[in-house]
Amino acid sequence: MTTNLRVSLTILSLGFGIEGAGELYSFVSHGTFHPGVTLLFVFPLAMTLAGLLFVWIGQHEWNALHRARVRQAHLVFGLSLLGAVVAGGVVGVLLLRPALGFPLAAKVAFGAAVGSLVLGTFVTYALLVFHLVPRPSKALLVASLTWAVIVAGFVGAAIAGNLPAIVGLAAHRSFTTPSFLGPVDALVSYLFVSYFLLLAAYVDAHRTILRGPERKNPAGPSAPPSAPRT
């Protein structure tokens, strides 16, 4: 039985559906719905952590290939979280050393860190099921990642351009919603495409797990039946 793996895929699939629907509504309503920084980062990370936890608990339920993929997914997710640490470190340095101003290198590092945080979760999702699905669903996963790379690049650039405002908010310990968050949310809403592509691929992965891993016949292909003797 692969109970924990099915629970993990169910949690992640629900997350894709919720996030995809929210971003699609934000897209078609032209920003009427603003999920804000909480849903933008916290909700996907929470769903990913829950999904990875159940995969880790149930790692004994699958074969060695799946366990290797799970380790890779955990590593990528950890590296994406490192992006949040780097972004926070850039803000901290600029706060402590105001004489530095806002050099281009700091903006590039900050934007890349934020972009990696957005993109890393999608890479994690793809790694978890890439070996479980047939070629059409593999193509969906690649398309989802490609679109996420493009959106993450625009989000990172938009956030990096507002680094002075972010440092200012941190310096004044302001918890008000910054004005630049609206345009960033508008960019993030395009991720509904990636979420729905992931959802389709994960539905296929569900079917694979329900069927169980394919087993090769150790004796090789069976010989064709011999012709009847006359």
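Placed above this text is the structure.
Residues numbered from 1 in each chain as written. Predicted model: local features only at pLDDT ≥ 70, side-chain atom pairs only at ≥ 80, totals over all residues. Heavy atoms only, no water.

(A) Main features of the overall build of the chain. Scanning the chain from terminus to terminus reveals eight helices and zero strands. For the chain, the N- to C-terminal ordering of α and β elements is α-α-α-α-α-α-α-α. Looking at the chain as a whole, 40% of its 230 residues qualify as buried. In the chain, once contacts between residues fewer than 6 apart in sequence are set aside, the share between residues at least 24 apart is 82%. Of the roughly 12600 Å² of accessible surface on the chain, a fraction of 71% belongs to carbon and sulfur atoms. (Helix = DSSP H or I, 4+ residues; strand = E, 2+ residues; numbered from the N terminus. Buried < 20%, exposed > 50% of the residue type's maximum accessible area, 1.4 Å probe, protein only. Contact = heavy atoms within 4.5 Å. Areas by Shrake-Rupley, 256 points an atom, 1.4 Å probe, with all protein chains shown as cover.)

(B) Molecular detail of the pattern of salt bridges. One pass over the structure, following the stated rule, counts one salt bridge. Here Arg207 makes a salt bridge to Asp204, at a shortest N to O gap of 3.1 Å. Of this pair, Arg207 and Asp204 both sit in helix α8 (residues 192–211), separated by three residues, roughly a single helical turn. Given a relative accessible area of 44%, Arg207 falls into the partly exposed group. (Salt bridge = Lys/Arg side-chain N within 4 Å of Asp/Glu carboxyl O.)

(C) Geometry of the packing of aromatic side chains. A complete count under the given rule lists eight aromatic pairs for this structure. Considering the side-chain rings of Phe27 and Tyr190, the 5.0 Å spacing of their centres and the 70° angle between planes classify their relative orientation as edge-to-face. Residue Phe27 is located in helix α1 (residues 3–28), and its partner Tyr190 is located in the loop between α7 (181–188) and α8; the two are separated by 163 residues in the primary sequence. Given a relative accessible area of 31%, Phe27 falls into the partly exposed group. Seen from their ring centres, Phe122 and Tyr125 are 5.9 Å apart, and the 80° between their planes marks the pair as edge-to-face. Taken together, the residues span about one helical turn, with Phe122 and Tyr125 both in helix α4 (residues 104–129) at a distance of three residues. Accessibility assignment for this pair places Phe122 and Tyr125 in one class, buried. In textbook terms, an aromatic cluster arises when at least three aromatic residues are bridged by ring pairs, as seen for Phe16, Phe122, Tyr125, Tyr195 and Tyr202. (Phe/Tyr/Trp six-rings, centres within 6.5 Å; stacked < 30°, edge-to-face > 60°.)

(D) Local environment of the side chain of Thr124. Within the element layout of this structure, Thr124 appears in helix α4. Judged by its relative accessible area of 0%, Thr124 falls in the buried class. A polar contact of 3.5 Å, which involves the side chain of Thr124, links it to the backbone nitrogen of Phe77. If sequence neighbours within four positions are ignored, Thr124 has contacts with Thr48, Leu52, Ala73, Val76 and Phe77. (Polar contact = N/O pair within 3.5 Å; in protein donor to acceptor, adjacent residues only side chain to side chain.)

(E) View of the environment of Ser144. In this structure, Ser144 sits in helix α5 (residues 135–161). Through-space distance from the C-alpha of Ser144 to that of Leu199 is 10.0 Å; in sequence the pair is 55 residues apart. Beyond its immediate stretch of four places on either side in the chain, Ser144 contacts Phe122, Ser194, Leu197 and Leu198.

(F) Quick look at the nonpolar core. Counting residues in hydrophobic clusters, the biggest one holds 43 residues, and the most contacted among them are Phe110, Leu128, Val129, Ile159, Leu163, Leu191 and Tyr202. Elements with a minimum of two residues in this core: α1, α3 (64–96), α4, α5, α6 (163–171), α7 and α8. Take this core: its biggest share by element is ten residues, from α4. Apart from residues no more than four positions distant in its own chain, Leu163 is found in contact with Val90, Val91, Leu94, Phe102, Ala106, Lys107 and Phe110. (Core = buried A, V, L, I, M, F, W, Y, C linked by side-chain atoms within 4.5 Å.)

(G) Local environment of the packing of α4 against α5. At a closest axis distance of 8 Å, the pairing of α4 and α5 adopts a crossing angle of 160°. Here α5 runs roughly antiparallel to α4, going by the angle between their axes. Crossing of α4 against α5: the hand is right-handed. From α4, Lys107, Phe110, Gly111, Val114, Gly115, Val118, Leu119, Phe122, Val123, Ala126 and Val129 reach across to α5, where they touch Leu141, Ser144, Leu145, Ala148, Val149, Ala152, Gly156, Ile159 and Ala160. When its residues are assigned to classes, the contact of α4 with α5 shows 15 nonpolar, four polar and one charged. (Axes fitted to C-alpha atoms, helices over the stretch in contact; angles between N-to-C directions. Parallel < 35°, antiparallel > 145°, perpendicular 65-115°, else oblique. Left-handed = near helix turned anticlockwise from the far one by under 90°. Nonpolar A, V, L, I, M, F, W, Y, C, P; charged D, E, K, R; others polar.)

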